[in-house]
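# Observations on the model geometry
If you want the building blocks of each chain, they are given just below.
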Amino acid sequence: MTRLAVVDRDYCKPDKCSLECIRFCPVNRTRKVKAIDLSEDRSHSVIFEDKCIGCGICVKKCPFNAISIVNVPDELEKQLVHRYGENMFKLYGLPVPKTGGVLGIIGKNGAGKTTSIKILSGQLKPNLGDYSSDPDWDRVVKAFKGSELQTYFSRIANNELKSVVKPQYIEAARRVLKGSVGDLLSKADERGLFKDVVDKLNLKNLLDRSVSELSGGELQKFLVAAVLLKNADAYFFDEPCSYLDVRERVRVADAIREFTNPSKNYVVVVEHDLMILDYISDNIVVIYGEPGVYGIASKPYGVRAGINHYLNGYLPAENMRIRPEAVRFRIQVAEKRFEESEYPVVKWERMIHQYPSSGFKLVVEEGEAYPGEVLGILGPNGVGKSTFIKLLSGELKPVEGSVLISVEKVSVKPQELSPKIFAEETVSQALRNASTEALNPASWLYNELVRKLRLNRMLDRRIEELSGGELQKVAVAVSLARDADLYLLDEPSAYLDVEERIVVARVIRRIIEEKKKTAVVVEHDLMLQNYISDKIVVFTGKPSVEGYASRTLSIREGFNTLLMNLSITVRKDSETGRPRINKPGSVLDREQKARGEYYIP
Ligand code: ADP
Ligand code: ADP
Ligand code: SF4
């Protein structure tokens, strides 16, 4: 076995502990050699993997959980592709892009998906574990001799493979890119496809807008369009669906397949919305391992099998269990029954609202929500979801109709993530300001929010240093910790991996049930929305012009209504029960449409 020691430099703070890792290490205590010491600049601990005996004492002693020690088989070491540096993350193997189909990548956050994309797109030269010197391309090409990656890397080495990447985090683009959508897209257009791509992604109305003014969803589509317009041999899309509604997700998936020419070019997509990943990919590579410590790329599987193996937690070709238990989404389509005696938290009759200044008009059908109930919202952005919540809280008065039981306090988790949504500097300050109970380890709130969402490690961290996924979990926790009658969570899944999505869904449900309040959750990952919500309100309309909110519907009615509007049918996978989009025009698609059963017949 090979020893692998990782010290997370974001967490290791030698000036804030008593150097327990160094003092208690049994190798250090022999006083002959050292297995662990401070770095020269005293900013973090350094573990000498050849001296360390792997006892794990430092792992337990570190008050910040900054150290991980694992043993990996020597065989695996032969597949080492990259190590960022001393005591840093190791990536073993790589997903092998192939022409002839779209390759989907799935795996936990921190397992090495973005690292793989950086390497395959030529942004990061793989060092084969030798981080002390600049690796030369000959060595890299030789290391992959006999595999399909040998030719791939020779092309990169000779500048014969042009790649283009849609990055995972899109927020930075808004600061960096200057100019209008139309100008920037025409500059990007190396293929003469400007009109086709703009039409397909429905970007026509945005051409005159400055990139700095785009909403999250608009920015996402703009970046996907810019990538599609480039003339490249390899196209990479790192999470192309965040901030998009269901129609736009399908549109982006269709556009990627239509414009990248997967029969000739390499096309790779990382995505955690499994229904979309399933729809877009032909093959799947699972990246597994221990997040932040090491990642291993699996062999390619067919799309259905690959996603099912991932959910089942077992990879047959590798004979590898990647999770002790299978992940199952509760696909329930029956309506939850509430006791007659229970009083709704909020109840409204048919209402009409119009903003005099913009003219935007919203019609809301009647509805109600009970204590402990999660109301799922489906539909596009810009058709009045926030307006609806403002009506429920009495902040806005409708022109017609009224709210019969209104809520007083509303706590909001906004869709777009930025450290700016917090006034506080650190995670613990933000949680403490939301609720004094949130940081009390004896409280149920702490158990749900801090333990289950795994925020323990992050409490001392500065909010502006968090990754997108970490920021999302903190934002959800802070909004749920607050005292309120109604919780509005707008796209809580963005930047979370599949396992984290399920944990967040469970936490939302538990907190709402325990507090006996109501949550309104806007979520476009349908598999997840089915898991979170008890009832559905479907929003339709023309963004910025008019909106229509249905009455509160059962899950089946709600999903059926949405999918019928989109003309998409969804079946249930026989093995895992997960929802799968039918191919348009297929036998199942036609049969389900004829029967009016758009969602899981
Ligand atoms: P994923 O895309 O699967 O979430 P990444 O490839 O982004 O994972 O990161 C895998 C691990 O590599 C993370 O734990 C991260 O901390 C580490 N890592 C990423 N970039 C760097 C870097 N430039 N230097 C050191 N470590 C890095
Ligand atoms: P959503 O939450 O679904 O994105 P909103 O309810 O925020 O939608 O807004 C719907 C539309 O109402 C927006 O496109 C905007 O044009 C208009 N709008 C929102 N707030 C105001 C306001 N205070 N004054 C005038 N128009 C507004
Ligand atoms: Fe020392 Fe044990 Fe930590 Fe290795 S695992 S550095 S031997 S305390």
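Our subject is the structure that appears above.
What comes next concerns the included structure. (Residues numbered from 1 in each chain as written. Chains lettered and ligands numbered in written order. Predicted model: local features only at pLDDT ≥ 70, side-chain atom pairs only at ≥ 80, totals over all residues. Heavy atoms only, no water.)

### Describing the site of ligand 3
Definition in use: For this purpose, a residue is taken to be near a molecule or strand whenever a single non-hydrogen atom of the residue falls within 4 Å of it. Strands here are runs of E lasting at least two residues and helices are runs of H or I lasting at least four, both read from the DSSP assignment and numbered beginning at the N terminus. Residue classes follow a fixed rule: Ala, Val, Leu, Ile, Met, Phe, Trp, Tyr, Cys and Pro count as nonpolar, while Asp, Glu, Lys and Arg count as charged, and any other residue, Gly among them, counts as polar.
Close to ligand 3 lie 13 residues, the nearest being Cys25, Cys52, Cys55, Gly56 and Cys58. Among the elements of the structure, helix H2 (26-29) and helix H3 (57-61) are those that each provide at least two residues to the shell around ligand 3. Class assignment for the residues of the shell around ligand 3 results in eleven nonpolar, two polar and no charged.

### Points about the layout of surface pockets
Going by this rule: Think of a 1 Å grid over just the protein atoms. A cavity is a set of points where a 1.4 Å probe fits yet cannot get out, a pocket is an open set with protein on both sides within 12 Å along at least five of seven lines, and lining residues have an atom within 4 Å of a point. Grid points are joined across faces, edges and corners, and a volume is the space filled by probe spheres set on the points. These domain limits were set by an automatic method or by a database of domain assignments.
When its volume is computed, the second largest pocket comes out at roughly 1,300 Å³. Lining the second largest pocket are 46 residues, and of these Pro380, Asn381, Gly382, Val383 and Pro543 sit closest to its centre. Looking at the lining of the second largest pocket, the elements with two or more residues in it are helix H11 (216-228), helix H12 (246-259), helix H15 (385-392), strand S22 (410-413), strand S23 (486-490), strand S25 (535-542) and helix H21 (555-566). For the lining of the second largest pocket, the domains that each give at least three residues are domain 2 (80-321) and domain 3 (332-409 + 484-556).

### Section: a positive patch on the surface
Selection rule: Surface patches are drawn from residues lacking salt bridges whose relative accessible area is over 30%; two like charges belong together within 9 Å, two nonpolar side chains (Val, Leu, Ile, Met, Phe, Trp, Tyr) within 5 Å. The protein chains shown are the only cover counted for residues, whose accessible areas, like all others here, come from Shrake-Rupley with a 1.4 Å probe. Think of a salt bridge as a Lys or Arg side-chain nitrogen and an Asp or Glu carboxyl oxygen that are within 4 Å of each other. Counted charges follow a simple rule, with Lys and Arg positive, Asp and Glu negative, and His plus the chain ends left uncounted. Positions of charges follow a simple convention, taking NZ of Lys, CZ of Arg, CG of Asp or CD of Glu. Note on exposure labels: buried denotes an accessible area under 20% of the residue type's maximum, exposed denotes more than 50%, and partly exposed covers the range between, all computed with a 1.4 Å probe on protein chains only.
On the surface, Arg23, Arg29, Arg31 and Lys61 cluster together into a patch of positive charge. Along the polypeptide, Arg29 turns up in helix H2. Here Arg29 falls in the exposed class, since its relative accessible area comes to 52%.

### Description of the environment of Thr99
On the secondary structure map, Thr99 appears in the loop between strand S6 (90-92) and strand S7 (102-107). Judged by its relative accessible area of 39%, Thr99 is partly exposed. When the C-alpha atoms of Thr99 and Val267 are compared, they prove to be 7.5 Å apart, with 168 residues separating the residues in sequence.

### Considering the site of ligand 1
What counts is decided by this rule: Pairing of N or O atoms within 3.5 Å defines a polar contact, subject to two protein rules: one partner must be a possible hydrogen donor and the other a possible acceptor, and residues neighboring in sequence count only if both atoms are side-chain atoms.
Taken together, the neighbourhood of ligand 1 is formed by Tyr84, Met88, Phe89, Lys108, Asn109, Gly110, Ala111, Gly112, Lys113, Thr114, Thr115 and Gly292. A distance of 2.7 Å is found between an oxygen atom of ligand 1 and a backbone nitrogen or oxygen belonging to Gly110. Contact distances for ligand 1 include 2.9 Å between an oxygen atom and a backbone N or O atom of Gly112. Considering only residue class, the shell around ligand 1 consists of four nonpolar, six polar and two charged.

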